[in-house]
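Structural features, examined
What follows is the residue order along each chain.
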Amino acid sequence: MTSWLPQLASEHGAALDQALGLVHVLMAVLFVGWGAFFAYVLLRFRRRRHPAADYRGITSHASTWVEGAVAVAEAFLLVGLSMPLWADRVERLPPPAESTRVRVVAEQFAWNVHYPGPDGVFGRTDVKLIDTQSNPLGLDREDPAAKDDVTTINQLHLPVDRPARLTLTSKDVIHSFALQEMRVKQDVIPGISVEVWFVPKVTTDEMRARLGNPDYNYEISCAQLCGLGHYRMRGFVTLHRPEAFQAWMDEQQAQLGEASEESIWN
Ligand SMILES: [Cu+2]
């Protein structure tokens, strides 16, 4: 039933797709039911058969029962399905020590990605240090906690099978952070940090093999019209096996080491 949705690559996504499917089933039943009722009423109470109005109207209580059943089905979808799913997203955040933590700072029109590095502590950032070309996050490399921080633009790397806990914020306007395959979508609001979390399950390589498409990439899309360049506000997500993620992080650390040596000599 849900084959028309984007590929699925996160743990919680299946339950969300199921809820979405059930909502559509109820809507289909209502659409067909009300449509049929409307056609029936047009015929049943047509003017030719009832030249004079009947002031008693309908006496049966069938419609009351049907409306009650619809209300019960809707209450089940809301209280029984959707609220537990939402609570799982916002009230059971995984402990920081057991997750991959990343800050994502949106701007017109890019996603700045910030990893705390091996020390697990995000270095200090300061708006005064922001340089749109060389330091879009305003990271203070003098801060000891910032020395091992890794930053990228539009490239989010994550290991599978471990909760990813992202802190989202924006430098300018409201954006929306959307990962279709993870079933994640969250408005990104200037002045507010919002946490989202999910467990990625399918590596980029596995998804490419599954689809028979060697060029397939998971993407970050901005799902909120945020300005003239909105259409190009597109990032990429690479999901790795844990060892491969570690190798990527080590490589980033090595590059940081080289960069700091260069700055000593220049
Ligand atoms: Cu945007």
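Residues numbered from 1 in each chain as written. Predicted model: local features only at pLDDT ≥ 70, side-chain atom pairs only at ≥ 80, totals over all residues. Heavy atoms only, no water.

1. So, the overall build of the protein
A tally of regular secondary structure across the protein gives four helices and 10 strands. Along the protein, from the amino end to the carboxyl end, the secondary structure elements read α-α-β-β-β-β-β-β-β-β-α-β-β-α. Relative to its 266 residues, the protein shows a buried fraction of 38%. By sequence separation, contacts in the protein at least 24 residues apart represent 67% of the contacts at least 6 residues apart. Here the protein contributes 25 positive and 32 negative side-chain charges, whose respective centroids are spaced 15 Å apart. (Helix = DSSP H or I, 4+ residues; strand = E, 2+ residues; numbered from the N terminus. Buried < 20%, exposed > 50% of the residue type's maximum accessible area, 1.4 Å probe, protein only. Contact = heavy atoms within 4.5 Å. Lys, Arg positive; Asp, Glu negative; His and termini not counted. Charge placed at Lys NZ, Arg CZ, Asp CG, Glu CD.)

2. A few points about the coordination of the copper ion
Ligation of the copper ion by protein atoms is provided by His175 (ND1), Cys222 (SG), Cys226 (SG) and Met233 (SD), these donors lying 2.1 to 2.5 Å from the ion. Here the copper ion binds four donor atoms, and the angle range of 91 to 122 degrees at the metal identifies the geometry as tetrahedral. Site description for the copper ion: donor spacing in sequence, H-x46-C-x3-C-x6-M. A residue pair is termed long-range when its members are at least 10 positions apart, and Cys222 in strand S9 (residues 218–222) and Met233 in the loop between S9 and strand S10 (234–240) qualify at 11 residues. A single burial state applies to Cys222 and to Met233, both of which are buried. (Donors = N, O, S within 2.8 Å, 3.2 Å for Na, K, Ca; no water. Tetrahedral: all angles 85-135°; square planar, octahedral: opposite > 155°, others 65-115°.)

3. Here we look at unusual backbone geometry
Looking along the chain, the bond that leaves Gln108 and enters Phe109 is cis, with omega of 5 degrees. Structurally, Phe109 is set in the loop between strand S1 (100–107) and strand S2 (110–115). Look at Asp161: it is not a glycine, yet its phi comes out positive at around 65 degrees. Its place among the elements puts Asp161 in the loop between strand S4 (155–159) and strand S5 (164–170).

4. Considering helix H2 (residues 62–90)
The end-to-end C-alpha distance of H2 is 41 Å, a good match for the 42 Å that 29 residues give at a rise of 1.5 Å each. Considering bend angle alone, the principal kink of H2 is centred on Ser82 and spans about 35 degrees; proline Pro84 follows within four residues of it. Residues of H2 that are buried: Val70, Leu77, Leu81, Ala87 and Arg89. (Expected span 1.5 Å × (residues − 1). Bend = angle between axes of the 7 residues up to and from the residue.)

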